Every structure is written in structure tokens, then in C-alpha cells.
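# An overview of the molecular structure
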Amino acid sequence: MTIIKQIHKKSSLDGQLTLFLPKREILGTINKVEPIEGVVVYGHNVEKRKIIGQIVVTFRYGREEDEVMGLHFSKDLFLVSEEIYPLGKTNRSVSKIQQKIMDKYGPNALPFRFSIGANTPKTVTIQPGVTEKGQPCGVYYALRVFPSNDETKLKANKQEMIEMSIRKTEIGPQGKGRMPSCIIRKDFLLSPGELELEATLDKPLYIYGEQMKVNLSIRNYSNKSVKRIVILVLQNIDVSMFTSGNYSVSILNLDSQEGCPVNPGSCLNKTFTICPSGGTEGRGIALESPLPGEEKKLASSSLLCPELGKEEIFGIQISYCVRIKLQMGAIAGELVGELPFLLMSRSNKLKG
């Protein structure tokens, strides 16, 4: 069986630098992030100059079309800024893919290996409206390589620079967690008895595209009737740069009358099977920034280190929950329960 490994290649406009990147996605957990490895091939015109490599994360918190008169709604954070050449001439460990590229392109091929912190934000894109133009709000990563004559001058000429977008993705934690569950009771001011809802999910973590089962147990000890069951899957988005930058969007809405009405003194046990991965359309939904040729996916749940303070959190934090509503009419109101869960794009183990 032959395994074909894709290598991403990009050259500067003047043709003096060529970047080879084995992968454009960085996988990370709470305490570990994969390194970024690649090879830079330089031409004769940059032999006497330094070659700088940078990893830049851009946080766009406003629409690009509203940027007028020098006002910018984005911030750049340089996570890495290192010299690849001539320091790259020194001996360093290389991977098998890097060695193959170096063997092919000769002594002008320089390997590099960059590492970023585990607390850096993951890549997220907030889906814009149909009429909105420009780069959407979100967190973006880019790898830049360019020649420089001065160590203090780290701004590159666009003709000489290579910029390739990359993506940082968080993967699901290993092991089994606690099953999401809740028991909610509601009593009524002028009526005896209470309504009880017990809700559980079949597991705490789901991979994108996986079906989830919502188990409901309704016990009606009141004199009211449950007329309708509504299940919502909510995506909670928190933009850490603003004190009031949090909101929720519904990515799935299930309205059911199966087993209803639940009359006084009766019980209902029911399991609903849902799949929230289809809810990628709509303004304000947080998505993983798609690489070329990929389909849109919902952003993964954010995994935060418990040692971090609130003021140290940067980027856009994502969480998910299932909200269950038992509707009893306009006068009796409704009973509401929530089940938080993790939604991840993958569950691979980290390499290296």
C-alpha cells in the first residue's frame, strides 16, 4: 500500500524564497501543542541576508469594511520571530520529511522547527452575514518567511515575503469523563405538586458528525399538562476582549409532541437522537477556519487550563449545551434544563 503525503509549497513573488510545509494544521491539548516544521529554500540573491521566520496570530474583532481613516479592528500577536538563516546552517534534528526535501533541493534548503505555547487561542471564524464583505471576525494564524538586512527591521517587503495560513485545532481529551445530567423541578404558585425533569446524555464528548442521544424522564406530580417538548443545541461564544462580548446561537432546534400531552400523574421516558453538525449556516455561528478544499465545520469546544485567570484568556472561547424545554402553555410557562457537552473536530493523539 502506497501512502501519499501532501506537501504544501509556496514561493515569494520575486522567486527567491520557497516554503515547504508538510502540514498546515497544528493539533493541541490543554498542556501540549505540536511543533511547526518545514523547509525554506533560498536563492542566490538572499545569501548575504538573514532569513526570518514568524508565526503571527491575528485577532479580528470588527468588520474589515468598517475600517476607515486609519482605524483598524484587528490586532496582531507575534508568537514566534526567529532567525532561520544563517543560524539555520547549524546542526539541528530534522524529521524524515524535512530530510527528503533537503536531499532534493541541496544545500540551499534550510529546516526550521517552531513551537508555540499551549495557552494560545485556537483558530475560529465567526460566520458573517450574506451582505458583509472582507475578512470575517475571528482568530487567524499565519506563517511568514522573509529576508531581512537588519535584526531590528522585522517588516517584510511583500515582493520578498511568503505568508501561508495555518490552523490551530484542539483535540479531545483522553479518557472518559462524567456523564452530563440534570434534575430540574418546577412548582406552581397556586397549584399543588411539581413537575420533574431528569435529562442525561449518553457521553460527555462528541466528535464532529457523531450522533448524540438525549434521554428524558418526565414525572408529572402537578395538575398541569406538558404539551410540547423542545430541544435546542446552543453554541455559546465568548469574545474575551470585551466584557459584554458573549452571546449564544442555536445550531439545532427540535420541536416534538411525541408522547404529549403528559397529563397530571403520568410519566414519560423518551430518547431523542440528534446530530448538531449540520448547523453551519447562519450569521454569528463560530466555525473552524477552513483550509483550501475543506468544508465548513463547527468550531471545537475550548479547553481552558484551570490555572489561567480570566484576564489571561485571549481569543474566542466556544462551549456547547443542550437545552430542554417542557412547555405547558402561556399561563403555566415552561420548565428548562441544560446539559453541557464537548464537541471536538477530532480525537487524534499528538505526535512528537
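What this report covers is the structure whose coordinates are included nearby. A quick note: this is a predicted structure, and the numbers were derived from the prediction, not measured. (Residues numbered from 1 in each chain as written. Predicted model: local features only at pLDDT ≥ 70, side-chain atom pairs only at ≥ 80, totals over all residues. Heavy atoms only, no water.)

## Here's the deal with the overall build of the protein chain
When helices and strands are counted, the protein chain shows one helix and 20 strands. Within the protein chain, the fraction of its 352 residues that count as buried is 46%. In the protein chain, the share of contacts with a sequence separation of at least 24, taken over all contacts with a separation of at least 6, comes to 67%. Here the protein chain displays about 19000 Å² of accessible surface, and carbon together with sulfur accounts for 50% of that area. (Helix = DSSP H or I, 4+ residues; strand = E, 2+ residues; numbered from the N terminus. Buried < 20%, exposed > 50% of the residue type's maximum accessible area, 1.4 Å probe, protein only. Contact = heavy atoms within 4.5 Å. Areas by Shrake-Rupley, 256 points an atom, 1.4 Å probe, with all protein chains shown as cover.)

## With respect to unusual backbone geometry
Most peptide bonds adopt trans geometry, and most residues besides glycine take a negative phi value. A cis amide bond links C260 with the next residue in sequence, P261, at an omega value of 0°. Along the polypeptide, P261 turns up in the loop between β16 (246-256) and β17 (267-274).

## Regarding the sheet that holds strand β20 (residues 334-344)
Pairing in this open sheet of five strands is mixed, and the strands run β13-β20-β19-β15-β16 from one edge to the other. What marks the edges here is a single partner per strand, and that holds for β13 (205-207) and β16. Each neighbouring strand pair of the sheet contributes to a mean axis angle of 30°, computed without reference to strand direction. Examined bridge by bridge, strand β15 (residues 228-239) and β16 share 10 bridges and lie antiparallel to one another. Bridge assignment links L232 to a residue of β16, and that residue is N253. (Pairing = 2+ DSSP bridges. Axes fitted to C-alpha atoms, helices over the stretch in contact; angles between N-to-C directions.)

## What about the pattern of salt bridges?
Under the definition given, this model contains 15 salt bridges. Put simply, E196 and R219 hold a salt bridge, and the shortest N to O gap is 2.4 Å. Residue E196 is found in strand β12 (residues 191-201), and its partner R219 is found in strand β14 (residues 212-220); the two are separated by 23 residues along the sequence. For the residue pair E196 and R219, the accessibility class agrees, reading buried in each case. (Salt bridge = Lys/Arg side-chain N within 4 Å of Asp/Glu carboxyl O.)

## What to know about the side chain of S256
Mapping S256 onto the fold places it in strand β16. S256 sits in the buried class, given a relative accessible area of 8%. Polar side-chain contacts of S256 include one of 3.1 Å to the backbone nitrogen of E258. (Polar contact = N/O pair within 3.5 Å; in protein donor to acceptor, adjacent residues only side chain to side chain.)

## Thoughts on the sheet that holds β12
Two pairing modes exist for strands in a sheet, parallel and antiparallel, and in both the strands are linked by backbone hydrogen bonds. Read from one edge to the other, the open sheet built from four strands follows the order β11-β12-β14-β17, with strand pairing classed as antiparallel. Here the strands that pair on one side only, and so sit at the sheet edges, are β11 (181-188) and β17. For this sheet, the mean angle separating the axes of adjacent strands, direction not counted, is 15°.

## Examining the pairing of strand β5 (residues 50-60)
For β5, the buried fraction is high: 10 of the 11 residues fall into the buried class. Pairing geometry for β5 and strand β9 (residues 138-148), over 11 bridges, is antiparallel. Bridging from a neighbouring strand, K50 pairs with S148 of β9. Relative to strand β6 (residues 74-85), β5 runs antiparallel, the two being bridged by 10 bridges. Note that in β6 the partner of Q54 across the bridge is S81.

As far as function goes, none of this settles anything; it's purely spatial.
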